[in-house]
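# Architecture at a glance
Now for the letters of each chain:
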Amino acid sequence: MAEENIAFKSFYYSLGTTSFRMQNFNQKIEQQLDLLNQFWEKPEYSNEKWESNEPVQEAYYNFIKESGFLKEGDAPRKAKDARQKTSGMRDIGLIDDNRRLTAVGNKLLEIAKSGNFSSDNFLQIPKDSFVYFQQLLKTYIGINNDSGVRPFVLLVRLLKKFNYLSKEEFMYLFPLCINRETTEFIENKLSEFRGKDVNVGEIVTEIFMQQQNYKDALDYFISEKSVSEETFCTVGLNRKSKDYDRAYFPLYNAIKKVYFDDDKSPKAIMALYEASDIGNVKTHWRKFLFKTSSSASIKKSPLDQLQSANMFSNLENEKAFKTVFFKTMHMVKVERTLEDYFDLNRRYLKISDTLLFADEQVKFDVIPKYYFSLLPDEFYNLAFVKSDKLVELQSLEEISPFLKLDDEKLLKVINKDNKTAFSQIGDIKQFVADERTKRFNKLIDEKFSDNQLIYILQLISKRADKEIQELVTDDADIPTIFEYILGIAWYKISERKGDILSFMNLSLEADLLPKTHAGGGEADLVFQYEAENGYPKHSLLIEATLADSTNQRRMEMEPVSRHLGDYMIAHKNLESYCVFITNFLHMNVISDFRNRRKMEYYGGKNGDEVINGMMITPLENNLLVTILKTGVKYPQLYKLFHEIQESSLAPKEWYNELKEQLQRNCL
């Protein structure tokens, strides 16, 4: 095989593009669907094509930049950036090749604009998630010219067979299933290793070494008597530029010197350490070569920190050394690429809200698991067939006759597995809610201890947004995360009484972490308390904002009182009040809320219903931190809030008294 004919050929896939990692995924999709609609409505672009039309692509980039959708500086190639920012939506059928909204895209935009995401389906998932679920069942990724796969259907097949995939299996092996043969090979390997530690590196290596181009490259590498940088440009099979692989030449020489030539001198080891500094794969190489990632420790004691035994130890001849180096080099490159794809694949697949990504595992949520368990093996033939209906709204039965819901069979398998006696599909709604509540309490125990909540609230006070999203989720913006954390904190203060998932009027992923929609950030937290010793039956609305002092007056004084007033009119016979929480309280906001106790609020259809006064208690974030630190519970807070409310103090003195009493009672 001539060296010029050895080229990279893909044997794995990803959903979306690594060039555009969309945080706040649902929100960004909804915003872009709306922006695309607006862009194509402009007279100057309404009849234009997108494909092969860089001026229009650049114009779209400028349009979304001006709209505030993009926060970063100008891209060096605006047209390319515009293509990248929309390609993922095209891949799942929300827009067509010309970036016009499809029937599916219009349906999602309609749901987003309504603001109503509540479930209307047997899977008990939000209505937008159900649309994504249908689309993912049709989404097909082509790999080269001779293979392709519907990743979601393939995942259904694997999860039905194995119940779960570990994070490593999902990350490194699932994207390699590009045809029947590879899928069956991986299934056999997973069956063989189930219950044991799976060596994914070995499986990955076996798969790429079945490819003819890798076999040819290894043969060429072994036959080269004088290895050079150009050799690695040939055998590196780089996806982008051969020049990137020149860096492997000094690494090859350094490993050979230390392990094959057995030169363990400090100079040789330090040369090895420096040669392993290759872009985003250096961490992998250094894990093989050194006992620590600390450069100071390696420099101080090179021999002590060298891995004395690894894949390069005790090789018999240069052919064996070259073979091991070649396979290791490509295993690391493939694994590093798949690590990059992991976030994309996870992010796209989880928008269906049918999958749980928790405890280092991937598995289906309750109802999807039972639903897919009923499908016959013939359904999985769909995994390797391209859909010609991706841009059309289709029912499950239209996607595949096998997907038609059989109520009786679904109820039977759920009842048998859970020792329940549901007689109709509607009965399982509470069952799903109970299961979600159990998982939510487990999530709180594992991820949101009092100390962790305090730390996150302190980060919110400082607006350390990046760290907040790292600790909670990057699929929600900070205001949404603030409401979510407040909900959990108040649930714990209330000793976990009541139905927390209904109290938190937020959109949650299947993993029960928050997500933001394009019109999000306005949800209330409504805690409903039954009568107990210390308080009557009542409702508590918690409103939150991160608006600064000027915007706080404009944005919060009217909406907070309106939300509470409308709620009180709708629930006339129920005591209700509001707690307003923010980082910093403006004095005029305090004054407005204080004086609401004597002000009439008019509501109802024609403004003919009246509330004679309402109770709004403002709190700064640091006071909530104090409450959490000292473990004060809700009955004590209820009593304190109401006693302070009945005082005759002026607004400023009233709030100071509230702070002093809270601090006194909490310390």
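### Side note on the overall build of the protein
Per the secondary structure count, the protein includes 30 helices and 11 strands. Contacts in the protein between residues far apart in sequence, at least 24 positions, make up 68% of those at least 6 positions apart. Per element, the accessible surface of the protein, about 30400 Å² overall, is 45% carbon and sulfur. Counting 90 positive and 100 negative side-chain charges, the protein places the averaged centre of each group 2 Å from the other.

### With respect to the layout of surface pockets
Taken as a whole, the second largest pocket holds about 1000 Å³ of empty space. As for the second largest pocket, its lining consists of 36 residues, of which Tyr 12, Arg 239, Lys 240, Thr 337 and Tyr 341 are closest to the centre. Residue contributions to the lining of the second largest pocket peak at seven residues, all from helix H17 (residues 318–350). Among the residues forming the lining of the second largest pocket, the class breakdown is 14 nonpolar, 14 polar and eight charged.

### What about helix H28 (residues 621–630)?
Most of H28 is tucked away: seven of the 10 residues are buried. Within H28, burial applies to Asn 621, Leu 623, Leu 624, Val 625, Thr 626, Ile 627 and Leu 628. Gly 631 sits one or two positions beyond H28 and adopts a positive phi of about 75 degrees.

### A word on the sheet that holds strand E7 (residues 538–545)
Two orientations exist for strands paired in a sheet by backbone hydrogen bonds: parallel and antiparallel. Read from one edge to the other, the open sheet built from four strands follows the order E6-E7-E8-E11, with strand pairing classed as mixed. The open sheet has two free edges, formed respectively by strand E6 (525–529) and strand E11 (616–620), since each of these has just one partner strand. The mean angle between the axes of side-by-side strands here comes to 20 degrees, regardless of whether they run parallel or antiparallel. Bridge count between E7 and strand E8 (residues 575–582): eight bridges; the pairing is parallel. Bridging across to E8, Ser 539 finds its partner in Ser 576. Sheet strands in contact with H28 are E8 and E11, and its direction is about 85 degrees off that of E11.

### Let's talk about helix H8 (residues 180–193)
Its 14 residues give H8 an end-to-end C-alpha distance of 20 Å, which sits within 8% of 20 Å, the value for a rise of 1.5 Å per residue. Listing the buried residues of H8 in full gives Thr 182, Thr 183, Phe 185, Ile 186, Glu 187, Lys 189, Leu 190 and Phe 193. Sitting at the head of H8, Asn 179 places a side-chain oxygen 3.3 Å from the backbone nitrogen of Glu 181.

### Concerning a positive patch on the surface
A cluster of basic residues, Arg 77, Lys 80, Arg 239 and Lys 240, forms a positive patch at the surface. One can find Arg 77 in the loop between helix H2 (54–66) and helix H3 (78–91).

### A word on the environment of Ile 414
Here Ile 414 is to be found in helix H20 (residues 407–418). With a relative accessible area of 0%, Ile 414 lands in the buried category. In this structure, the C-alpha to C-alpha distance between Ile 414 and Ile 478, residues 64 residues apart in sequence, is 38 Å. The contact partners of Ile 414, leaving out residues within four places of it in the chain, are Ile 367, Tyr 370, Lys 419, Thr 420, Phe 422, Ile 428 and Phe 431.

### A look at the side chain of Asp 475
Topologically, Asp 475 is positioned in the loop between helix H23 (465–471) and helix H24 (478–493). By relative accessible area, which is 4% here, Asp 475 ends up buried. A distance of 2.8 Å separates the side chain of Asp 475 from the side chain of Arg 347, its partner in a polar contact.

### A few points about the sheet that holds strand E3 (residues 165–166)
Spatial strand order, E3-E5-E4: three strands in an open sheet with antiparallel pairing. Both outer strands of the open sheet, E3 and strand E4 (355–358), are each paired with one neighbouring strand and no more. Bridge count between E4 and strand E5 (residues 361–364): four bridges; the pairing is antiparallel. If you follow Leu 356 over to E5, its bridge partner there is Lys 363.

### Quick look at the pattern of salt bridges
For the coordinates displayed, the defined rule picks out 39 salt bridges. Between Arg 90 and Asp 91 there is a salt bridge, and its shortest N-O distance comes to 3.2 Å. The closest approach of N and O atoms between Lys 438 and Glu 435, which form a salt bridge, is 3.5 Å. One end of the pair, Lys 438, and the other, Glu 435, are both in helix H21 (residues 428–447), three residues apart, so they sit about a helical turn from each other.

### Brief notes about the environment of Trp 285
Examined against the element boundaries, Trp 285 turns out to sit in helix H14 (residues 282–289). Placed 34 residues apart in sequence, Trp 285 and Leu 251 show a C-alpha to C-alpha distance of 9.6 Å. Setting aside residues up to four positions removed in sequence, Trp 285 forms contacts with Tyr 248, Leu 251, Ile 255, Ser 276, Phe 312, Phe 325, Thr 328, Met 329 and Val 332.

### Here's the deal with the pairing of strand E10 (residues 609–612)
For strand E9 (residues 600–603) and E10, the ladder comprises four bridges, and the chain directions are antiparallel. Bridge pairing links Gly 603 to Glu 609 in E10.

### Let's talk about the packing of aromatic side chains
For the structure on display, the rule yields 57 aromatic pairs. Between the aromatic rings of Phe 133 and Phe 372, the centroid separation amounts to 6.0 Å while the plane-to-plane angle is 55 degrees, which identifies the pairing as tilted. Taken together, the positions of Phe 133 in helix H5 (residues 127–138) and Phe 372 in helix H18 (residues 366–373) put the pair 239 residues apart, joining distant regions of the chain. Judged by relative accessible area, which is 0%, Phe 133 ranks as buried. The rings of Phe 221, Phe 232, Phe 249, Tyr 252, Tyr 259, Phe 260, Trp 285, Phe 288, Phe 312, Phe 321, Phe 325 and Phe 326 are connected pair by pair, giving a single aromatic cluster. A cation over a ring is seen here: Arg 286 above Tyr 273, with NZ or CZ 4.0 Å from the ring centre.

Analysis parameters
- Residues numbered from 1 in each chain as written.
- Predicted model: local features only at pLDDT ≥ 70, side-chain atom pairs only at ≥ 80, totals over all residues.
- Heavy atoms only, no water.
- Helix = DSSP H or I, 4+ residues; strand = E, 2+ residues; numbered from the N terminus.
- Contact = heavy atoms within 4.5 Å.
- Areas by Shrake-Rupley, 256 points an atom, 1.4 Å probe, with all protein chains shown as cover.
- Lys, Arg positive; Asp, Glu negative; His and termini not counted.
- Charge placed at Lys NZ, Arg CZ, Asp CG, Glu CD.
- 1 Å grid on protein atoms, 1.4 Å probe; cavity = no way out; pocket = protein on both sides within 12 Å on 5 of 7 lines; lining within 4 Å.
- Points joined across faces, edges and corners; volume = space filled by probe spheres on them.
- Nonpolar A, V, L, I, M, F, W, Y, C, P; charged D, E, K, R; others polar.
- Buried < 20%, exposed > 50% of the residue type's maximum accessible area, 1.4 Å probe, protein only.
- Pairing = 2+ DSSP bridges.
- Axes fitted to C-alpha atoms, helices over the stretch in contact; angles between N-to-C directions.
- Expected span 1.5 Å × (residues − 1).
- Polar contact = N/O pair within 3.5 Å; in protein donor to acceptor, adjacent residues only side chain to side chain.
- Patch = residues over 30% accessible without salt bridge, like charges linked within 9 Å, V, L, I, M, F, W, Y side chains within 5 Å.
- Salt bridge = Lys/Arg side-chain N within 4 Å of Asp/Glu carboxyl O.
- Phe/Tyr/Trp six-rings, centres within 6.5 Å; stacked < 30°, edge-to-face > 60°.
- Lys NZ or Arg CZ within 6 Å of the ring centre and 35° of its normal.

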